[in-house]
Amino acid sequence: MADAGVELTAAEADAPSASEVLAQLDRILSHPEFSRSARGCEFLRYIVEEALAGRADRIKAYSVALAVFGRGETFDPQADPLVRIEAGRLRRAVERYYLVAGQLDPCIISIPKGGYVPRFERNILHAAGASAPAAAPAERPVAAPAPRRWLARLGAGAAVLAVALGGLALWQGLPGPFRRAIPEPAAPTLVVMPFVNLGDMPEAKIYADGLTEEVVSQLARFRELSVLGRETSRSIRPGADLARIHRELGVGYLLEGSVQAAANQLRVTGRLLDAQSGAVLWSHTYDNDLRVRDLVTIQDDVAQKVATAVAQPYGIIFRAGERRAGSTPPDDLEAYACTLRFYTYRSAPSAESHAAIRTCLERAVATFSNYATAWAMLSILYLDEDRFEFNPKGGPPTAIQRSIEAARRAIRLDPENVRALQALMMALFFSQRPAEALEIGERAVALNPNDTELLAEFGIRVGQVGAWARGTALLEQALARNPAHTDFYNGALAIHAYMQRDYRRAEALISQVDLEKFPLYHFIAAIIYAQLDMKPETAQERDQFLRMRPRFFDNWDQEAAKRNYRREDAIHLADGARKAGFPVPDRTAAEAAPTADLPQR
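All values reported here derive from a predicted model rather than from experimental measurement.

**Some points on the overall build of the protein**
- In terms of regular secondary structure, the protein is built from 27 helices and 8 strands.
- Among the 601 residues that make up the protein, the fraction classed as buried is 52%.
- A fraction of 66% describes how many contacts in the protein between residues 6 or more apart in sequence connect residues 24 or more apart.
- When the accessible surface of the protein is totalled, it reaches about 26200 Å², and 53% of it is carbon and sulfur.

Below, the structure written as structure tokens:
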């Protein structure tokens, strides 16, 4: 009940109640996608509970430092950026949660930049996808602030789509009997409906047809996804029933859209539907000015953006499939579920997850020996036995040999499988054949420039051979296309900044990374902090790395050589490691070489 004499605004009346906010808080903190430290969880709980208790005006850096981080009363927020840095990490962790796991949660908790007071609002996507309306709150709601910009854009896109696409999602009758073709093993299947022209501009009909063709072509590049052919898409008559499409074609997802042109403006809308439930998983609106770019350029750009958002390894279909796989009894889908778990491992590598996923993928290829993507992923996991020392298997063949053989087998099965080419690029690179590796990487990127997993990995290797500026640009491109994978990208960008001697940027990047279980994260952080004379932080990261990899420096020259660093870069790396207090040999192989770079065997 509202207090007597207090009139709530419309926004306040529609805001989530305190009990709904607390339920959402528990949902976030208990979800595996919210990979924050115990202090990070305590930070989020503290600011949410303080705001709900009506003490939002007390949520300052000083009070957070005392209540959450155990600092004393002499804490000076101006001199110590602890709370600001941790708030940035927490903000990104919360935003990542909503990008990859909480897209349809009923309530959104956000932390605006420039402060620590959280905001609470209802999720319009939950309302759109819910099977039944939510119950009205039983208590006075918490005042809702203005939505975040990204949510507002998403909401606006959904609203436009709801009007513009109208009855597009409702279909009738499929021509003739369709036979369901299931790959081995079953991968997510998508059908692209012909984009609809909603405007009066004659050219827009041609553009809508061309855009449909280009979207199908771009999506077909992702081998973890099965895209039905153009003829099948065109054969589905307007008004066909979505449930029947799912049942008779065996599709899990349906992509539909529209084109509207007026004067010099062109608007393209698109959305992805779960064919089984009808829920809207993703929607977006793209506005373009025909005076600035021509139709063909706009068509290519929009098609790439749609394909990247929907089908990339950490995109919408991947996350939706990951949730499904977790609740599906083991059958043929178990093999595909291994590939989903592989991407989860790649986003936060650890020895524990490596062992489980390696075993899972080995079972998958034993059952489905022609599953090229699984062989490619297994190749990368074999490589990680060597480069990260994750669960190494003794005896011949070596981890590198097994990695190369698995990658080559994947390519024999599917010569244009981007994940297979990525795996071979990585295996050859770490066997000190960088020229051959990068040639394969260039070929893979040409096949699918939208694949951010490939793009980032290629950027790292390009940097390690000395082209740090180009490697940085590739990583930033991957980050822009895949903002839900920031820990991995920012960690790689941090070492790129370090190698270019931009230590302040390196420190800003590494402070945003949360990869506590990944040993090399601590090494990178330590050498960055050492160059900035941040002694407590350096010691903490150094000690943690040595606990995780105590024998790493016994083979320093080998570790540097296998990553193909130039002589000057290897020396720079050794210098930072010594400043951090690591037991680097007094004279490394790179420092012993007089002038030329070390030979690449």
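**Focus: the packing of aromatic side chains**
- Scanning all chains against the criterion turns up 19 aromatic pairs.
- Geometrically, the ring pair formed by tryptophan 468 and tyrosine 565 is stacked, given 6.4 Å between the ring centres and 25° between the ring planes. With a gap of 97 residues between them, tryptophan 468 in helix 20 (residues 468-481) and tyrosine 565 in the loop between helix 25 (556-562) and helix 26 (567-579) connect regions that are remote in the sequence. Tyrosine 565 carries the same exposure label as tryptophan 468, and that label is buried.
- Summarising the aromatic geometry, the rings of phenylalanine 545 and phenylalanine 582 are spaced 5.7 Å apart at their centres and angled 85° between planes, so their arrangement reads as edge-to-face. A residue pair is termed long-range when its members are at least 10 positions apart, and phenylalanine 545 in helix 24 (residues 535-548) and phenylalanine 582 in the loop between helix 26 and helix 27 (589-592) qualify at 37 residues.
- A relative accessible area of 0% places phenylalanine 545 in the buried class.
- Lying across the ring of tyrosine 382, arginine 402 places its NZ or CZ 4.7 Å from the centre.
- Directly above the aromatic system of phenylalanine 429 lies the positively charged group of arginine 461, at a separation of 5.6 Å from the ring centroid.

**Side note on the nonpolar core**
- Formed by 95 residues in total, the largest nonpolar core has its most connected members in Tyr498, Ile510, Phe523, Trp556, Leu573 and Phe582.
- Look past the residues within four positions of leucine 573 in its chain and what remains in contact with it is Ile495, Tyr498, Met499, Phe523, Ile527, Trp556 and Tyr565.
- Among the nonpolar cores identified, the runner-up in size contains 34 residues, and Val21, Leu25, Ala101 and Tyr116 belong to it.

**A few points about the environment of threonine 212**
- Structurally, threonine 212 is set in helix 8 (residues 202-219).
- Given a relative accessible area of 9%, threonine 212 falls into the buried group.
- On a C-alpha basis, the gap between threonine 212 and valine 192 in space is 7.4 Å, while along the polypeptide they are 20 residues apart.
- Each residue touching threonine 212, except ones within four places of it in the same chain, is listed here: Val192, Met193, Pro194 and Phe195.

**Comments concerning the environment of valine 513**
- Position of valine 513 relative to the elements: it lies in the loop between helix 22 (503-510) and helix 23 (519-531).
- Sequence separation of valine 513 and arginine 92 is 421 residues, and the distance between their C-alpha atoms is 9.5 Å.

**Describing helix 14 (residues 351-367)**
- Taking 1.5 Å as the rise per residue, helix 14 with 17 residues should run 24 Å; its terminal C-alpha atoms sit 25 Å apart, in good agreement.
- The complete set of buried residues in helix 14 reads His354, Ile357, Arg358, Cys360, Leu361, Ala364 and Val365.

**Let's talk about the pattern of salt bridges**
- Under the defined criterion, the tally for this structure stands at 31 salt bridges.
- Here glutamate 568 and arginine 566 are joined by a salt bridge, their closest N and O atoms 3.3 Å apart.
- Several salt bridges converge on common partners, so that one network encompasses Asp386, Glu389, Arg549, Glu559, Lys562 and Arg563.

**Overview of the environment of valine 48**
- Structurally, valine 48 is set in helix 3 (residues 38-52).
- Taking relative accessible area as the criterion, valine 48 reaches 0% and is therefore assigned buried.
- Sequence spacing of valine 48 and arginine 119 is 71 residues, and the spatial spacing of their C-alpha atoms is 8.6 Å.
- In this structure, valine 48 is in contact with Val21, Leu25, Ile109, Pro118 and Phe120, ignoring residues within four places of it in sequence.

**Considerations on the packing of helix 14 against helix 15 (residues 372-387)**
- Two numbers describe how helix 14 lies on helix 15: the axes approach to 10 Å, and their chain directions differ by 145°. Along this stretch, helix 14 crosses helix 15, giving a crossing that reads as left-handed. Residue-level inspection shows His354, Ile357, Arg358, Leu361, Glu362 and Val365 of helix 14 in contact with helix 15, the latter providing Ala374, Trp375, Met377, Leu378, Leu381, Tyr382, Asp384 and Glu385.
- Residues that form the contact of helix 14 with helix 15 fall into these classes: 9 nonpolar, 1 polar and 4 charged.

**Digging into the pairing of strand 7 (residues 265-274)**
- Along strand 7, 8 of the 10 residues are buried, which leaves the element largely enclosed by surrounding structure.
- Where strand 6 (residues 253-262) meets strand 7, 10 bridges bridge the pair, whose relative direction is antiparallel. Bridged to valine 259 within strand 7 is valine 268.
- As consecutive antiparallel partners, strand 6 and strand 7 are separated by 2 residues, and within that stretch alanine 263 has a phi angle of approximately 55°, a positive value.

**Considerations on helix 24**
- For helix 24, built from 14 residues, the straight-helix expectation of 20 Å at 1.5 Å per residue is met to within 8% by its first-to-last C-alpha distance of 20 Å.
- Among all positions of helix 24, only Thr538, Glu541 and Phe545 are buried. Within helix 24, the buried residues cover an arc of 80° as seen down the axis, which keeps them to one side. Facing away from the buried side of helix 24 by more than 90 degrees, the exposed set consists of Lys535, Pro536, Gln540 and Arg547.
- Buried residues along helix 24 sit in contact with helix 23.

**What to know about the pairing of strand 6**
- For strand 6, a buried count of 8 out of 10 residues is recorded, marking the element as mostly surrounded by other parts of the structure.
- Inspection of the sheet shows strand 3 (residues 189-192) paired to strand 6 by 3 bridges, in the parallel sense. Its bridge partner lying in strand 6, valine 191 is registered against leucine 254.
- Pairing of strand 4 (residues 196-197) with strand 6 involves 2 bridges; the strand directions are parallel. Across the sheet, asparagine 197 pairs through a bridge with valine 259, a residue of strand 6.

Rules used throughout
- Residues numbered from 1 in each chain as written.
- Predicted model: local features only at pLDDT ≥ 70, side-chain atom pairs only at ≥ 80, totals over all residues.
- Heavy atoms only, no water.
- Helix = DSSP H or I, 4+ residues; strand = E, 2+ residues; numbered from the N terminus.
- Buried < 20%, exposed > 50% of the residue type's maximum accessible area, 1.4 Å probe, protein only.
- Contact = heavy atoms within 4.5 Å.
- Areas by Shrake-Rupley, 256 points an atom, 1.4 Å probe, with all protein chains shown as cover.
- Phe/Tyr/Trp six-rings, centres within 6.5 Å; stacked < 30°, edge-to-face > 60°.
- Lys NZ or Arg CZ within 6 Å of the ring centre and 35° of its normal.
- Core = buried A, V, L, I, M, F, W, Y, C linked by side-chain atoms within 4.5 Å.
- Expected span 1.5 Å × (residues − 1).
- Salt bridge = Lys/Arg side-chain N within 4 Å of Asp/Glu carboxyl O.
- Axes fitted to C-alpha atoms, helices over the stretch in contact; angles between N-to-C directions.
- Left-handed = near helix turned anticlockwise from the far one by under 90°.
- Nonpolar A, V, L, I, M, F, W, Y, C, P; charged D, E, K, R; others polar.
- Pairing = 2+ DSSP bridges.
- Arc of directions from axis to C-beta.

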